[in-house]
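Secondary and tertiary structure notes
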Amino acid sequence: RRSLNSHSSSVPFPEKLAFAFDIDGVLKQGHHNVLPQAKRVLQLLSGSDGRLSKPIPFLLITNGGGVPDEERRAALSSELGVQLGPDQLVQSHTPLRDYVKKYQEKPVLVIGGAGESCRRVAESYGLKHAYIPQDIIKWRPAIWDRTQLTKGEESFAKTVDFSQIPLSAVFVMHDTHDWGRDIMLILDTLSAKDGILGTRRENRDDQGEVELVLSNADVEWRSDWPISRLGQGAFRLSLEAVYKATTGLQLPYKQFGKPFKATYDFSELSLRRYLSSVGRNPDVPLNVYMVGDNPASDIAGANAHGWSSILVRTGVFRDPNGEVPEHEPTVIADDVEKGVEWAIRRET
Ligand code: G3P
Ligand code: MG
């Protein structure tokens, strides 16, 4: 393996270069499968393999989530073999950390993920009264009688009288594990009078009192199954269709995650906080390269944010017939390693 920029070399260092990596379809394929190229790339950039004279800054931006940021950061650090700092990971719901402040003292409904993991995410962002679907089913099983709580769910579900709880917002933090139940409960919450379940507002063509916030717009994503899988964006499409059919109205909602501006602004700030944490000037001009597998998400967002973009063929985009993706990247590369090496050469 040749030295890209060794201590002894007089080759200039790419001072402005930084990377933003997508996770699923770029660094990983499925929950347990880290691509070996990804490990090599992160070792290269962090300087631990000795091929660079100093580290090149990077962060990970994923539309995945459902696990508190600190836990996900620890798990990814061990899977990827590189210690990630607190500002080097942005999950779909991480930018909500600031957004949810206005709801800290208010009761909210949190959707997504396994067990109570999304309640823990919400609590880690300071939401003091975060309820989950299982709490509601425990209160009145008749609200959704198509599935029953498991023994485990019975034990963690809270005992709450929702006839006394004015829900003020719904946060979809991750893919739901029960689409039917959660479409029903979101519809109930958005249509309720003063956020009280079991009631209906008379005038449902107003914008409602309960805000709906979603964290990931991906209709498809790539796991270790050979065909792309449906993501949270597909759940939103279903919810929109049901909302329209039952109310005649457009679903009102606020969207976070890639490709949206709020997520890229938050990520850029995180990257600059990271620079500061390693003793570098956070205000230097940066040439950021986003490495992603999903044109509609990673590439669209990077292009709109003024970053360069590298589209890899290890995820959603496979390019069997050499087709041009709907959002054109700066370059298409076979995998993350080829893309990163191309960017380093381009910037050096
Ligand atoms: O749920 C995961 C997903 O939609 C995409 O994750 O890392 O490819 O942005 P990622
Ligand atoms: Mg991806």
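All values reported here derive from a predicted model rather than from experimental measurement.

Below, the discussion takes up the overall build of the protein chain. For the protein chain, the helix and strand inventory stands at 11 helices and 13 strands. The C-alpha radius of gyration of the protein chain comes to 22 Å, within 12% of the 20 Å expected for a compact globule of 348 residues. Reported as C-alpha extents along the three principal axes, the dimensions of the protein chain are approximately 70 × 45 × 35 Å. Classification of the 348 residues of the protein chain by burial places 43% in the buried group.

Once the domains are mapped, the protein chain shows domain 1 (96-255) and domain 2 (309-333). Distance from the C-alpha centre of domain 1 to the C-alpha centre of domain 2: 34 Å.

A separate point is the sheet that holds strand β6 (residues 169-172). The strand order across the open sheet formed by five strands is β5-β4-β6-β7-β10, and the pairing between neighbours is parallel. Unpaired on one side and paired on the other, β5 (129-131) and β10 (254-255) mark the two borders of the sheet. With four bridges connecting them, β6 and strand β7 (residues 211-214) associate as parallel partners. Its bridge partner lying in β7, Val 172 is registered against Leu 214. Lying over the sheet, helix α4 (residues 117-124) contacts β4 (107-111), β5 and β6, oriented at roughly 135° with respect to β4. Its contacts with the sheet put helix α7 (residues 179-191) on β4, β6 and β7, and the angle it makes with β4 is roughly 155°.

Right, let's talk about unusual backbone geometry for a bit. Note: most peptide bonds trans; most residues except glycine with negative phi. Following Lys 258, the chain continues to Pro 259 via a peptide bond in cis, the omega torsion being 5°. Structurally, Pro 259 is set in the loop between β10 and α9 (261-277). Positive phi, normally seen in glycine, also occurs at Asp 194, with a value near 55°. Counting through the fold element by element, Asp 194 comes out in the loop between α7 and β7. Look at Asp 194 and you get exposed, because 11 C-beta atoms sit within 10 Å.

Okay, the site of ligand 1 next. Near ligand 1, the surroundings consist of Asp 22, Ile 23, Asp 24, Gly 25, Thr 62, Asn 63, Gly 64, Asp 175, Asn 216, Asp 218, Trp 221 and Gly 231. Among the residues forming the shell around ligand 1, the class breakdown is two nonpolar, six polar and four charged.

It is worth spelling out the nonpolar core at this point. Side chains that are nonpolar tend, in soluble globular proteins, to be buried together. By size, the foremost hydrophobic cluster in this structure holds 48 residues, and its most contacted members are Phe 19, Ala 20, Phe 21, Leu 59, Tyr 289, Val 291 and Val 336. Residue contacts for Val 291: discarding those within four places in its chain leaves Phe 19, Phe 21, Asp 22, Val 26, Ile 310, Val 312, Val 336, Gly 339 and Val 340. In terms of nonpolar packing, the next biggest core, distinct from the first, is built from 37 residues, Cys 118, Tyr 125, Leu 185 and Ala 192 among them.

Another aspect to go through is the packing of helix α1 (residues 36-46) against helix α11 (residues 336-347). At a minimum axis distance of 8 Å, the contact between α1 and α11 shows a crossing angle of 30°. Judged by the inter-axis angle, α1 sits roughly parallel to α11. Taking contact as the criterion, the partners of Gln 37, Ala 38, Arg 40 and Val 41 in α1 are, on α11, Val 336, Glu 337 and Val 340. Partitioning the contact of α1 with α11 into residue classes produces four nonpolar, one polar and two charged.

Spatially, β3-β2-β1-β11-β12-β13 is the arrangement adopted by the six strands of the open sheet, whose pairing is parallel. Edge positions in the sheet fall to β3 (89-90) and β13 (331-333), since each has one partner strand and no second. Judged from the two bridges that link them, strand β2 (residues 58-61) and β3 form a sheet pairing that is parallel. Paired with Ile 61 across the two strands is Val 90, which belongs to β3.

Model confidence for the protein chain is summarised by a mean pLDDT of 94, while 96% of its residues fall at 70 or above. Note on the complex model: pTM 0.94, ipTM 0.98.

Right, let's get into the packing of α7 against helix α8 (residues 232-247). Look at α7 against α8: their axes get within 10 Å of each other, and the N-to-C directions meet at 50°. Viewed along their axes, α7 and α8 adopt a mutual orientation that is oblique. As α7 packs across α8, the resulting crossing turns out to be right-handed. Here Trp 179, Ile 183, Ile 186 and Leu 187 of α7 lie close against α8, whose contacting residues are Phe 235, Ser 238, Leu 239, Val 242, Tyr 243 and Thr 246.

The next subject is the pairing of strand β12 (residues 308-312). In terms of residue burial, β12 counts as a mostly covered element, since four of its five residues are buried. Taken together, the four bridges between strand β11 (residues 287-292) and β12 define a ladder with parallel strand orientation. Considered in β12, the bridge of Gly 292 is made with Leu 311. Taking the sense of rotation as the criterion, the β-α-β connection linking β11, helix α10 (residues 295-305) and β12 turns out right-handed. Inspection of the sheet shows β12 paired to β13 by three bridges, in the parallel sense. The partner of Leu 311 across the bridge, within β13, is Ile 332.

Cut-off values and rules
Residues numbered from 1 in each chain as written. Chains lettered and ligands numbered in written order. Predicted model: local features only at pLDDT ≥ 70, side-chain atom pairs only at ≥ 80, totals over all residues. Helix = DSSP H or I, 4+ residues; strand = E, 2+ residues; numbered from the N terminus. Rg over C-alpha atoms; globule rule 2.2 N^0.38 Å. Buried ≥ 20, exposed ≤ 12 C-beta atoms within 10 Å, placed from the backbone. Domains from an automatic or database assignment. Pairing = 2+ DSSP bridges. Contact = placed C-beta atoms within 7 Å. Axes fitted to C-alpha atoms, helices over the stretch in contact; angles between N-to-C directions. Near = placed C-beta within 6 Å. Nonpolar A, V, L, I, M, F, W, Y, C, P; charged D, E, K, R; others polar. Core = buried A, V, L, I, M, F, W, Y, C linked by C-beta atoms within 7 Å. Parallel < 35°, antiparallel > 145°, perpendicular 65-115°, else oblique. pLDDT = per-residue confidence, 0-100. Left-handed = near helix turned anticlockwise from the far one by under 90°. Right-handed = clockwise from strand over helix to strand, strands pointing away.

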